[in-house]
Amino acid sequence: MGRSRYKILNEDYPYFHTLTVAGWQPVFTQKESVQILFDSFIWLQEKTDFKLYAYVVLENHLHFISSASQHSKRIQQFKSFTAKKILDLLAQRKATTLLKYFAYYKRKHKIESQYQFWQEGSHPEEMSNEFMYKQRLEYIHNNPVQRGYVDLPEHWRYSSARSYLGKEALLPVVVFSTSSRA
């Protein structure tokens, strides 16, 4: 799959993102790999104007809604940092089977790395109105329910659903309101 033609054109709005591990490999079954994602989101929130509105992490992909100036750059920073850290973690743990998969998925033209962690391309969707935002928010939070992992969205540990109920979640988010646009 080649690079996506979809781009972030209007940074006045939040965008819905889906990032998928190459080959749909189940990497986020270990809390250490999920923590790498969370640490990267926190760094972006603290060091840039990146706003994370919602997220869910499943075993091989994640969905999130975010906004920022230089939004494309922030997503690329996130993908680059998390890929390197997770591949380092897998090497440290001697997860040779997974590393072989990621070597297999690497594109021949990519010479800076021997692995491909994230699938290439992205299809960011502009959340230009409240209806779209609420629809994607519901999709994100209900993803683990639809898969049969939990009965209620707030029961999924790696989700912002708790934040939207006024409860503490593992990762801070900006709870969306019409006044919280970028």
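Remember, predicted model here, so these are calculated numbers, not experimental data.

1. Things to note about the pairing of strand S2 (residues 51–57)
Phase 1: Among the seven residues that make up S2, six are buried, leaving the element largely enclosed by the rest of the structure.
Phase 2: Here S2 pairs with strand S3 (residues 61–67) via six bridges, running antiparallel. Among the inter-strand pairings, Leu-52 is bridged to a residue of S3, identified as Ser-66.
Phase 3: Between the end of S2 and the start of S3, which pair antiparallel, lie three residues.

2. Side note on unusual backbone geometry
Phase 1: The backbone phi angle of Trp-24 is positive, close to 55°, even though this residue is not glycine.
Phase 2: With respect to the helices and strands, Trp-24 occurs in the loop between strand S1 (15–20) and helix H1 (31–47).
Phase 3: With a phi angle near 60°, Lys-94 is a residue other than glycine that sits in the positive phi range.
Phase 4: One can find Lys-94 in the loop between helix H2 (71–92) and helix H3 (96–105).
Phase 5: What makes Lys-94 exposed here is its relative accessible area of 65%.

3. A few points about the packing of aromatic side chains
Phase 1: This structure, assessed with the given rule, holds 15 aromatic pairs.
Phase 2: Measuring from ring centre to ring centre gives 6.3 Å for Tyr-53 and Tyr-133, while their planes differ by 90°; the resulting arrangement is edge-to-face. Highlighted residues: Tyr-53 in strand S2 and Tyr-133 in helix H4 (residues 130–146), separated in sequence by 80 residues.
Phase 3: The class of Tyr-53 is buried, set by a relative accessible area of 0%.
Phase 4: Judged by relative accessible area, Tyr-133 falls into the buried class, the value being 1%.
Phase 5: Taking the centre distance of 6.4 Å and the plane angle of 15° together, the rings of Tyr-101 and Tyr-105 count as stacked. With a gap of four residues between them, Tyr-101 and Tyr-105 both fall in helix H3, about one helical turn apart.
Phase 6: Owing to a relative accessible area of 26%, Tyr-105 belongs among the partly exposed residues under this scheme.
Phase 7: Members of the aromatic cluster, each reached through a chain of ring pairs, are Phe-28, Phe-102, Phe-117 and Trp-118.
Phase 8: Sitting over the face of the ring of Phe-16, Arg-136 holds its NZ or CZ atom 4.6 Å from the ring centroid.
Phase 9: Of note, Arg-136 hangs over the ring of Tyr-139, and the distance from its end group to the ring centre comes to 5.6 Å.

What counts and what doesn't
- Residues numbered from 1 in each chain as written.
- Predicted model: local features only at pLDDT ≥ 70, side-chain atom pairs only at ≥ 80, totals over all residues.
- Heavy atoms only, no water.
- Buried < 20%, exposed > 50% of the residue type's maximum accessible area, 1.4 Å probe, protein only.
- Helix = DSSP H or I, 4+ residues; strand = E, 2+ residues; numbered from the N terminus.
- Pairing = 2+ DSSP bridges.
- Phe/Tyr/Trp six-rings, centres within 6.5 Å; stacked < 30°, edge-to-face > 60°.
- Lys NZ or Arg CZ within 6 Å of the ring centre and 35° of its normal.

By themselves these figures say nothing about function.
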